[in-house]
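A structural walkthrough
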Amino acid sequence: MDDELNVTYLTFAGHVQIHKYRFLYFTIMFTVYILIICSNSTIVCLISIHKNLHEPMYIFIAALLVNSVVFSTAIYPKLLIDFLSEKQIISYPACLGQFFMYYTFAASEFLLLSAMAYDRYVSICKPLQYPAIMTKTTVSILLLLAWLWPACHGVVSISLKFTKKLCHFTLKGIFCNNALNELACVSSTVVTAYGVIALINCVLFPMLFILFTYTRIFIITYQSSRDVRKKAAQTCLPHLLVLISISLLSTYDIVIIRVESYLTKTTRLIMTLQALLYHPLFNPIIYGLKMKEISKHRHVQMHKYRFLYFTIMFTVYILIICSNSTIVYLIWIHKNLHEPMYIFIAALLLNSILFSTAIYPKLLIDFLSEKQIISYPACLCQFFMYYTFAAAEFLLLSAMAYDRYVSICKPLQYPTIMTKTTVSILLLLAWLWPACHVVVSISLHISKKLCSFTLKGVFCNNAFHELTCVLSKVVSVYGMIALINCVLFPTLFIVFTYTRILIITYQSSRDVRKKAAQTCLPHLLVLISISLLSTYDIVIIRVESYLTKTTRLIMTLQALLYHPLFNPIIYGLKMKEISKHLKRLFCQAKLI
């Protein structure tokens, strides 16, 4: 035992029922870790063995993928050992080592993306000077700085922590992150201030540089030919998608630490695992499928895998129906859940089933058919269902936000305001309002003559505007009005209500803040998820002419897969009452 530091081992207290599900956790995380290593290593190997890929852009991609492997190796091996151990402990020096690796390689990703942005900027904006600027020496210096700069900040941060005496020896998480600061006997202003400086130097400045370079690229390519714009989109879009992904991971890491005292143990674990799972697998998917030269070496031929696609999508569709229906059923049969908040949740999950049913059955038929065709009336019907239920989600979330606002900000008036009549009206409006907008949109489409009969997507969305002989300004303007009325205004209302809730709860007691966080956080996470889906839908349509067929398919399927499965996971695990009834249901099933 080290008397100076007064600590030998730290305990990870973030695991949930690890003794019960240790082998399930181990199997899932081990599978994911193997997938991360294999997928990233495959692309690094391809770049290494093919001489035509020995260019700065692909070297930076290889470095980014190696970084993902090392980042994952900082967390996964220890995590896997903990799943199989009786005690989840780590020595303080080893914890500092994990802390150093985690933040160094997370920050390195931003700097590597900055190097890529600079490479793309020189390539597109200064093509004649590119060979002279992006030499082997320049590439080597940029790579060295990408790892050395955050490593130096990490060393300083650790040296500040190492001198602090610890009074607590239990971490609320499952690995060593900034939650280490809470173990010190006295909170250090110096450590906190330096953490902010490191965040600015290693994350904020690189992000601003990336945004500046891509803004310059956008301005220059906008003034150039269509071929130049297409080439720029093909090479820059993957980097931007990866930037969004790593930014979300970083935001997630900060949010978990800041609000962890208001979250249940299960919630913290799910949020942490989400942050660790997605991104290291996201990079190889993006670069493997969206970078033309790498994709070519992978020999992707979509038509050969119809039965694989059918199996995956059918499994996902069954999961969507079962997971959403289970929670709707629990809310239906348990009288203590017959409250406005849970009724809105049931409506939201029912909406997810209807949204998925608008797409999946036809998609599954197409996977098994020789020709992927649809009649024009059926296409308009699918269009109607897709956009009605997608927009309805925003309005249902608005109703939930209003319910939470009245419950927290006007608790005495809640029974008189949130009556059965009020709930019924809000539910009716949530589906009727977008349905009316989409009906008008369809009536405008029907009157237009078609000159093209091939949709670039896999289902009927706004892309069929391009099938008309003449593009209609009326249709485009009305589409914007519908977007504002059914998406933008509800989103602004949600932001306003949660801002009001935040202000009022901030002035209240800790218990009030905890209760507000437990009920409001799931709704905010679902709002972020549906907002990303909507953004994805718009992006795919706007830039589809610059994307390959494979890229469009993967992006579309990503938009369809995640969200309908995300809702029941969030509400099933993060809403205390629903989670309690779910445990009872499955425990009874085990006993039977």
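Here, residues in each chain are numbered from 1, in the same order as that chain's written sequence. Under the rules for a predicted model, residues below a pLDDT of 70 receive no local features and side-chain atom pairs below 80 are neither given nor counted, while totals for whole chains, interfaces and linings still include all residues. As a rule here, side-chain values come from all non-hydrogen atoms in the structure, and water together with hydrogens is ignored.

1. Some remarks on the overall build of the protein
This is how the line gets drawn: Elements are defined by DSSP. Helices are runs of H or I of four residues or more, strands are runs of E of two residues or more, and each kind is numbered from the N terminus. For each residue, the accessible area found with a 1.4 Å probe, counting protein chains only, is set against the maximum for its type, and the residue is called buried under 20%, exposed over 50%, and partly exposed in between. Residue contacts are defined here by distance: any two heavy atoms, one from each residue, within 4.5 Å place the two residues in contact. Method for areas: the Shrake-Rupley scheme with a 1.4 Å probe, in which residue coverage is limited to the protein chains shown.
On a plain count of helices and strands, the protein comes out with 20 helices and 3 strands. For the protein, the residues scored as buried account for 49% of the 592 residues in total. Put simply, 82% of the contacts in the protein that link residues at least 6 apart link residues at least 24 apart. As presented, the protein carries roughly 29,500 Å² of accessible surface, and 70% of it is formed by carbon and sulfur atoms.

2. Quick look at the pattern of salt bridges
What counts here: Counted as salt bridges are all cases of a side-chain nitrogen of Lys or Arg within 4 Å of a carboxyl oxygen of Asp or Glu.
Taken as a whole, this structure holds 4 salt bridges when the rule is applied. Note that K78 is salt-bridged to D82, the shortest N-O span being 2.9 Å. Here K78 pairs with D82, and both are found in helix α3 (residues 76–84), just 4 residues apart, close to one helical turn. The buried category is assigned to D82, whose relative accessible area is 0%. Residue D366 pairs with K362 through a salt bridge whose shortest N-O separation is 2.8 Å. With a gap of 4 residues between them, D366 and K362 both fall in helix α13 (residues 360–368), about one helical turn apart.

3. Side note on the packing of helix α1 (residues 18–49) against α3
Applicable threshold: As a rule, the C-alpha atoms of each element are fitted with a line to give its axis, helices using only the stretch in contact, and angles between N-to-C directions run from 0 to 180 degrees. Under this scheme an angle from 65 to 115 degrees is roughly perpendicular, one under 35 degrees roughly parallel, and one over 145 degrees roughly antiparallel; angles in between are oblique. By convention, the crossing between two helices is left-handed when the near helix turns anticlockwise from the far helix through less than a right angle, and right-handed when the turn is clockwise. The nonpolar class holds Ala, Val, Leu, Ile, Met, Phe, Trp, Tyr, Cys and Pro. Asp, Glu, Lys and Arg form the charged class, and all remaining residues, Gly among them, are polar.
With their axes 8 Å apart at the nearest point, α1 and α3 run at an angle of 155 degrees to one another. Classified by the interaxial angle, the pair formed by α1 and α3 is roughly antiparallel. Here the hand of the crossing between α1 and α3 comes out left-handed. Taken together, the residues of α3 that come into contact with α1 (itself represented by I18, R22, F23, Y25, F26, M29, F30, V32, Y33 and I36) are Y76, P77, L79, L80, D82, F83 and L84. Each residue belonging to the contact of α1 with α3 can be placed in one class, and the counts come to 15 nonpolar, no polar and 2 charged.

4. Structural notes on the packing of aromatic side chains
So the rule is basically this: We call Phe, Tyr and Trp rings a pair once their centres come within 6.5 Å, taking the six-membered ring for Trp, and we label the pair stacked below 30 degrees between planes, edge-to-face above 60, and tilted otherwise.
Under the definition given, this model contains 10 aromatic pairs. Measuring from centroid to centroid gives 4.9 Å for F383 and Y387, while their planes differ by 55 degrees, and the two rings are tilted. Taken together, the residues F383 and Y387, both in helix α14 (residues 376–409) and 4 residues apart, mark about one turn of the helix. Both residues of the pair, F383 and Y387, belong to the buried class.

5. Side note on the pairing of strand β1 (residues 9–12)
In plain terms, the rule: At least two DSSP bridges between two strands are needed for those strands to be called paired.
Side chains L10 and F12 project from β1 onto a buried face, and the interleaved Y9 and T11 project onto a face without burial. Pairing of β1 with strand β2 (residues 89–91) involves 3 bridges; the strand directions are antiparallel. Residue pairing for β2: L10 is matched across the bridge by I90.

6. Section: the sheet that holds β2
Within a sheet, adjacent strands bond to each other through the backbone by hydrogen bonds, running parallel or antiparallel. In space, the 3 strands of this open sheet follow the order β2-β1-β3, with mixed pairing throughout. The two strands at the open ends of the sheet, each matched to only one other strand, are β2 and β3 (170–171). Packing against the sheet, helix α4 (residues 92–125) makes contact with β1, β2 and β3, and its axis sits at approximately 90 degrees to β2.

7. A look at the nonpolar core
Filter applied, for reference: To form a nonpolar core, buried Ala, Val, Leu, Ile, Met, Phe, Trp, Tyr and Cys residues must be joined to one another through side-chain atoms within 4.5 Å.
Counting residues in hydrophobic clusters, the biggest one holds 37 residues, and the most contacted among them are I345, L397 and Y571. Looking at this core, the elements with two or more residues in it are α11 (306–333), α12 (340–357), α14, α16 (420–446), α17 (473–506) and α18 (510–543). For this core, the leading source of residues is α14, giving 11 residues. Ranked by size, the runner-up nonpolar core spans 35 residues in total, among them F60, I61, A115 and L143.

8. Some points on the state of the cysteines
In plain terms, the rule: Two cysteine sulfurs form a disulfide in these notes if their separation is within 2.5 Å.
Following the criterion strictly, the structure yields 2 disulfides and no others. Put simply, C95 and C176 are joined by a disulfide, and their sulfur atoms are 1.9 Å apart. Measuring the twist about the S-S bond at about -120 degrees, one finds the C95-C176 disulfide to be left-handed. Taken as a pair, C95 in helix α4 and C176 in the loop between β3 and α7 (189–222) lie far apart in primary sequence, 81 residues in all.

9. Here we look at the packing of helix α2 (residues 56–73) against α4
Viewed as axis vectors pointing N to C, α2 and α4 meet at an angle of 170 degrees, and their least axial separation amounts to 10 Å. Between α2 and α4, the interaxial angle falls into the category roughly antiparallel. From α2, P56, M57, F60, I61, A63, L64, N67, S68, V70 and F71 reach across to α4, where they touch M101, Y102, F105, A106, S108, E109, L112, L113, A115, M116, D119 and R120. Per-class residue counts for the contact of α2 with α4 are 16 nonpolar, 3 polar and 3 charged.

10. Section: the environment of A392
Along the chain, A392 falls in helix α14. It is 8.0 Å that separates the C-alpha atoms of A392 and W433, two residues lying 41 residues apart in sequence.

11. Re the side chain of T104
Tracing the sequence through the fold places T104 in helix α4. In this structure T104 comes out as buried when scored by relative accessible area, which is 5%. Residues within four places of T104 in sequence aside, it is in contact with W147, P150 and A151.

12. Here we look at a nonpolar patch on the surface
What counts here: A patch is a set of surface residues, each over 30% in relative accessible area and not in a salt bridge, joined within 9 Å for like charges and within 5 Å for the nonpolar side chains Val, Leu, Ile, Met, Phe, Trp and Tyr.
On the surface, M480, L483, I484, L488, F489 and L492 cluster together into a nonpolar patch covering about 530 Å² of accessible area. Mapped onto the elements of the fold, L488 is located in helix α17. When its relative accessible area of 41% is taken as the criterion, L488 is described as partly exposed.

13. Quick notes on the confidence of the model for the protein
The criterion, for reference: Note on scores: pLDDT gives the predictor's confidence for each residue, bounded by 0 and 100.
Confidence in the prediction for the protein averages 78 pLDDT; 79% of positions are at 70 or higher. When pLDDT is averaged over each helix and strand of the protein, the minimum, 46, is found for helix α10 (residues 292–297) and the maximum, 91, for α16. Considering only residues more than four positions removed or in separate chains, one finds that residues 1–7, a stretch of pLDDT under 50, has 15 contacts.

14. Some thoughts on the environment of C451
Structurally, C451 can be placed in the loop between α16 and α17. When its relative accessible area of 47% is taken as the criterion, C451 is described as partly exposed. Sequence separation between C451 and L467 is 16 residues, and the spatial gap between their C-alpha atoms is 6.0 Å.

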